[in-house]
Each structure stands twice: as structure tokens, then as C-alpha cells.
Number of protein chains: 2
Amino acid sequence: MLYPEVLSDTINSFRKFPGVGEKTAERYALATMEFSDEDIETIIKNISECKKRLHKCSVCGHLTDKEICSICDDSGREENLICVVEDYKSVFMFEKTGTFRGKYHVLNGLISPIDGIYPEDINMSPLMNRIDANDKNAEIILALKPSIEGETTTLYIKKIFENKNIKVSRLSYGIPMGVDIDYLDSITLDRALLDRKEIS
Amino acid sequence: MLYPEVLSDTINSFRKFPGVGEKTAERYALATMEFSDEDIETIIKNISECKKRLHKCSVCGHLTDKEICSICDDSGREENLICVVEDYKSVFMFEKTGTFRGKYHVLNGLISPIDGIYPEDINMSPLMNRIDANDKNAEIILALKPSIEGETTTLYIKKIFENKNIKVSRLSYGIPMGVDIDYLDSITLDRALLDRKEIS
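Residues numbered from 1 in each chain as written. Chains lettered and ligands numbered in written order. Predicted model: local features only at pLDDT ≥ 70, side-chain atom pairs only at ≥ 80, totals over all residues. Heavy atoms only, no water.

Some points on the overall build of chain A
Regarding its fold elements, chain A presents seven helices and six strands. Ordered by position in the sequence, the α and β elements of chain A form the string α-α-α-β-β-β-α-β-α-β-α-β-α. Computed over C-alpha atoms, the radius of gyration of chain A comes to 22 Å, more than 25% over the 16 Å expected from 2.2 N^0.38 for 200 residues, which places it beyond the range of a compact globule. The 200 residues of chain A split such that 44% are buried. Look at the contacts in chain A between residues 6 or more apart in sequence, and 47% of them connect residues 24 or more apart. Side chains of chain A carry 26 positive and 34 negative charges; the gap between the two charge centres is 4 Å. (Helix = DSSP H or I, 4+ residues; strand = E, 2+ residues; numbered from the N terminus. Rg over C-alpha atoms; globule rule 2.2 N^0.38 Å. Buried < 20%, exposed > 50% of the residue type's maximum accessible area, 1.4 Å probe, protein only. Contact = heavy atoms within 4.5 Å. Lys, Arg positive; Asp, Glu negative; His and termini not counted. Charge placed at Lys NZ, Arg CZ, Asp CG, Glu CD.)

Okay, here's the thing in C-alpha cells:
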């Protein structure tokens, strides 16, 4: 046997993390040998508490360790500008850009009839009560991935809020910044052509 | 604040691991949210036990969870063929090739007078008693890195065992397998030329 049992077990534990192969897992396991006892205490405390203490915000469905997440709790943000995303990872991505000043709604899934996932199976209905149709500036921005499930969910939400006379938009599709057009796939290029904007 | 506190703490914990940046640490921390409670239990148990249960083999200095490591304990391996390495990571590397049938001696350091590290500061003296000079096939293979410290340690060991009439060899230097000669550094190429072997 190549490794002592406890080392081999630790390597297997690290392999559970996304994108971690044999070599990286070995590196992490051996790294624990060099950590101070306090560091190890902190690491295992954090790993064990992360899942225990985090849950979904009762308003928007984002990840939080409080009853209501810090974004929903922020009165400085526009109440009636709601960005609808698939999961909490998207919220972190948007927050890193630092430009969006509205709120989020995390669906925690996408409609996919083929997989038996219908609107009632995702965090959809609370969204209806979150936006005030009397506000003329009210807007729902759909930021879902361009897949069949993403498009289905986008169209579903569009239909609901259309009836309520609320503006519904989606993110623009097109050429990612800094990418060479020569290497782009033809669907993206086609879309970018279709959605071209007049230069003002 | 971008992350809930416990998530931010967990991300910081993962950043302690070698080669883990902000983005990877975030990915690992969020992955713990998807793990089962049993998986999390196992992971934290392993991380906490790895350093506690592993220590140096009393014979060779390699990492083990027993008194004597499984390699020293293996009577099928040649006693008088000892490969001297800097650390336990090298042992794992050699064991992965699966061809070496001797034993190891882990120095857990290299001689470096400039840093105040002398032969008595590393796991050197037990090596003297491990090899039987009456065995004509006795051999010490030095597998230390080609740096000033590695060379110093190599020469030191060579000198000691020369007096005891024991064969001392070192790994060959030369062109790594699969590498294009055009991209090789000139010191390696020079060495490969100097150490050229007659084709038999």
C-alpha cells in the first residue's frame, strides 16, 4: 500500500471536492501535516459549520446565515428592480461586478418538464409578491443561462409579469469581452449579429 | 460584505492549502453545502487525524501511522540497497514508479551551512547504522535535488561511505523523457552531453 491508511483516507476526502484529482488531493492532505494545530481546528470548524449555519434567505432564496440576507436587508437598494438568477453562485458573480443596485431572486433551479421540474418545484411563487406593479420603474431582469431550461423559465416568467404590466428584460447575448471573433462558436456569432446595436 | 461570515471564514480556510486562490477556495466552500452530513463528518475527521496519527518511521524517517513504516517492515525488500531522499514526498514519487525494490532513508532536510543546517540537524546519523559493509552488494543511492544543498549533502554522504567501502551512487542527470531538446535549458543539455552513454 502506497500511503498509510489515515493519509489515504484524507486523500480520498479531498477528492470529493470539485476538480480535485489524485495529485492535488495528495498535495492538500500532505499540506495538513505542515499546518499548526490551531489552523487545523479552524479549518475543520469552518467546514463543519458552513453547511449547518447557512440556509436560504426567507425573502429571496439566497444563501445567508441570518433570517434575511444582507442584500434583502439593504434599504439602499432598489426594491422594484429584481434580478432573477438560477442559484446563489450567480448572486456572488453579480455582486463581484459591484454595479447592480437592485435586489435578487434566487430560483434554486430551472423549469424542466422533462426532468419533472415544474414552476411549483422551484422558488417561483414568492417572486410574484415581491414586485409592486404600481411602480412605473418596476423591472424584472432575467439572468438565466441560455439553455432549454433557462429559456423555458425565462418565457414562463415573462408571460406571468406581462399580464401584470411589469417590464421584464433579460441579459444581452453576444460576444464575450476580450474574445477573438475567430474562435467564437457560430450560434453566439449569429446571435450577436441578430442583436446588433446601433452605435450612437 | 459579499459573503455571509461563516462562508467567508471557510473560504479563508481553504486558501491555506497550496495553490488555492480566491476562486478555487470559494468553489470548495460552496461544495461543502452540497455534501451529505456523513461526508462532512468524514472529511473533518480525516483532516484532524492526519497530522495527529502520522509521524516519522523510527527506522527510515518516512511518514507512517505505525512504529515502523510498511516499507521498512517489508522483508521482501533488499536491506542493503538504500535510496536516500530529502522528504517523504520523494518516497511516494518513487513508490509510484513501482520499480525500486530496496529501502529508503528520509533525511527530512538537506545540509545548508548558510541556513545553519548541519548534518546533525537532519536525519543523518541513523543512516550510518543501517547498511552492512560486509555485504558486497550494499549500495546507497542518493536521490537529492540538483541544488547547492542537494550537492553538498550528496558529497557529504559520499565521503562518509567511501571510507566504509560502500558503493555510493546518485540518480542520473539528463534529458527528461518526452521533452523536446529545443526547449531544454543549457545546463541540463550540457550535463546530458557530459554524462552520455555508449549505446550497447
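So much for the structure itself; the text now carries on.
Concerning the interface of chain A and chain B
Facing the 52 residues of chain A at the interface are 52 residues of chain B. Between chain A and chain B, roughly 5000 Å² of surface is buried when both sides are summed, and carbon and sulfur atoms account for 70% of that area. Inspection of the region where chain A meets chain B yields six salt bridges. If you look at where chain A meets chain B, you find 17 residue pairs in polar contact (both at pLDDT 80 or more). (Buried area = accessible area lost by both parts, 1.4 Å probe. Salt bridge = Lys/Arg side-chain N within 4 Å of Asp/Glu carboxyl O. Polar contact = N/O pair within 3.5 Å; in protein donor to acceptor, adjacent residues only side chain to side chain.)

With respect to the pairing of strand β6 (residues 167-170) of chain A
Residues and elements named next belong to chain A. Of the pairings in the sheet, the one linking strand β5 (residues 139-143) to β6 comprises four bridges and is parallel in character. Across the sheet, residue L142 finds its bridge partner in β6, namely R170. Each parallel crossover has a hand, and for β5 linked through helix α6 (residues 148-163) to β6 it is right-handed. (Pairing = 2+ DSSP bridges. Right-handed = clockwise from strand over helix to strand, strands pointing away.)

Comments concerning the confidence of the model for chain A
All names here are of chain A. Across chain A, pLDDT averages 92, with 100% of residues at or above 70. Of all secondary-structure elements in chain A, the lowest mean pLDDT belongs to helix α7 (residues 186-194), at 88, while strand β4 (residues 103-106) reaches the highest, 96. Interface confidence for the predicted complex, expressed as ipTM, amounts to 0.79; the pTM equals 0.78. (pLDDT = per-residue confidence, 0-100.)

Side note on the pattern of salt bridges
Following the criterion strictly, the structure yields 31 salt bridges over all chains and no others. Close ionic contact of R77 of chain A with D74 of chain A constitutes a salt bridge, the shortest N to O distance being 3.7 Å. One salt bridge in this structure joins E139 of chain B and K167 of chain B, with 3.8 Å as the shortest N-O distance. Highlighted residues: E139 of chain B in strand β5 (residues 139-142) and K167 of chain B in strand β6 (residues 167-170), separated in sequence by 28 residues.

Considerations on helix α2 (residues 22-34) of chain A
Quick reminder: α-helices carry 3.6 residues per turn. Residues three or four places apart thus point the same way. Taking 1.5 Å per residue as the helical rise, α2 of chain A with its 13 residues ought to reach 18 Å, and the 19 Å between its terminal C-alpha atoms agrees with that figure. Burial in α2 of chain A covers these residues: A25, E26, Y28, A29, L30, A31, T32 and M33 of chain A. At its buried positions, α2 of chain A is contacted by α1 (5-14) and α3 (37-53) of chain A together with α2 (22-34), α3 (37-53), β2 (63-64) and α4 (88-97) of chain B. (Expected span 1.5 Å × (residues − 1).)

Digging into the nonpolar core
Side chains of nonpolar character tend, in soluble globular proteins, to be buried together. Counting residues in each nonpolar core, the largest one holds 46 residues, and the members touching the most others are L7 and F17 of chain A together with L7 and F17 of chain B. If you list the elements that add at least two residues to this core, you get α1, α2, α3 and α4 (88-97) of chain A together with α1 (5-14), α2, α3 and α4 of chain B. Once you skip the residues sitting within four places of it in the chain, L7 of chain A turns out to touch A29 and L30 of chain A together with C50, L54, L63 and F92 of chain B. (Core = buried A, V, L, I, M, F, W, Y, C linked by side-chain atoms within 4.5 Å.)

Digging into a nonpolar patch on the surface
Residue and element names in this part refer to chain A. A grouping of I175, V179, I181 and L189 is seen on the molecular surface, where their side chains present a nonpolar patch of about 300 Å² in accessible area. Structurally, V179 is set in the loop between β6 and α7. You can call V179 partly exposed: its relative accessible area is 37%. (Patch = residues over 30% accessible without salt bridge, like charges linked within 9 Å, V, L, I, M, F, W, Y side chains within 5 Å. Areas by Shrake-Rupley, 256 points an atom, 1.4 Å probe, with all protein chains shown as cover.)

Some remarks on the packing of α3 of chain A against α2 of chain B
At their nearest, the axes of α3 of chain A and α2 of chain B sit 8 Å apart, and the two run at 55° to each other. Here α3 of chain A lies oblique to α2 of chain B, going by the angle between them. With respect to the hand of their crossing, α3 of chain A and α2 of chain B are arranged in right-handed fashion. Residues I47, C50 and K51 of chain A of α3 of chain A pack against A29, T32 and M33 of chain B of α2 of chain B. (Axes fitted to C-alpha atoms, helices over the stretch in contact; angles between N-to-C directions. Parallel < 35°, antiparallel > 145°, perpendicular 65-115°, else oblique. Left-handed = near helix turned anticlockwise from the far one by under 90°.)

So, the sheet that holds strand β3 (residues 81-85) of chain A
All names here are of chain A. Pairing is parallel across the open sheet formed by four strands, whose spatial order is β4-β3-β5-β6. The sheet terminates laterally at β4 and β6, the two strands that pair on one side only. Direction aside, the axes of adjacent strands within the sheet are offset by 25° on average. Where β3 meets β4, four bridges bridge the pair, whose relative direction is parallel.

What to know about the packing of aromatic side chains
Aromatic rings considered in pairs are described by the distance between their centres and by the relative angle of their planes. Under the criterion given, the structure shown has 19 aromatic pairs over all chains. Ring centres 5.3 Å apart and planes at 55° place the aromatic pair F100 of chain B and Y104 of chain B in the tilted group. For the pair shown, F100 of chain B and Y104 of chain B are each scored as buried. Through a chain of ring-to-ring contacts, three or more aromatic side chains come together here, namely F14, F17, Y28 and F35 of chain A together with F14, F17, Y28 and F35 of chain B. (Phe/Tyr/Trp six-rings, centres within 6.5 Å; stacked < 30°, edge-to-face > 60°.)

So, the layout of surface pockets
The gaps left among the atoms become clear once a water-sized probe is rolled over them. Empty space within the largest pocket amounts to approximately 350 Å³. Together, 17 residues line the largest pocket, and S90, A143, L144, K145 and L171 of chain B are the ones closest to its centre. At four residues, α4 of chain B tops the list of elements feeding residues into the lining of the largest pocket. Here the residues of the lining of the largest pocket are counted per class, giving nine nonpolar, four polar and four charged. In this structure, the second largest pocket encloses a volume near 280 Å³. P146, E151, Y173, G174 and R191 of chain A are, among the 13 residues lining the second largest pocket, the residues nearest its centre. Looking at the lining of the second largest pocket element by element, the count peaks at four residues for α7 of chain A. When grouped by side-chain class, the residues that make up the lining of the second largest pocket number six nonpolar, three polar and four charged. (1 Å grid on protein atoms, 1.4 Å probe; cavity = no way out; pocket = protein on both sides within 12 Å on 5 of 7 lines; lining within 4 Å. Points joined across faces, edges and corners; volume = space filled by probe spheres on them. Nonpolar A, V, L, I, M, F, W, Y, C, P; charged D, E, K, R; others polar.)

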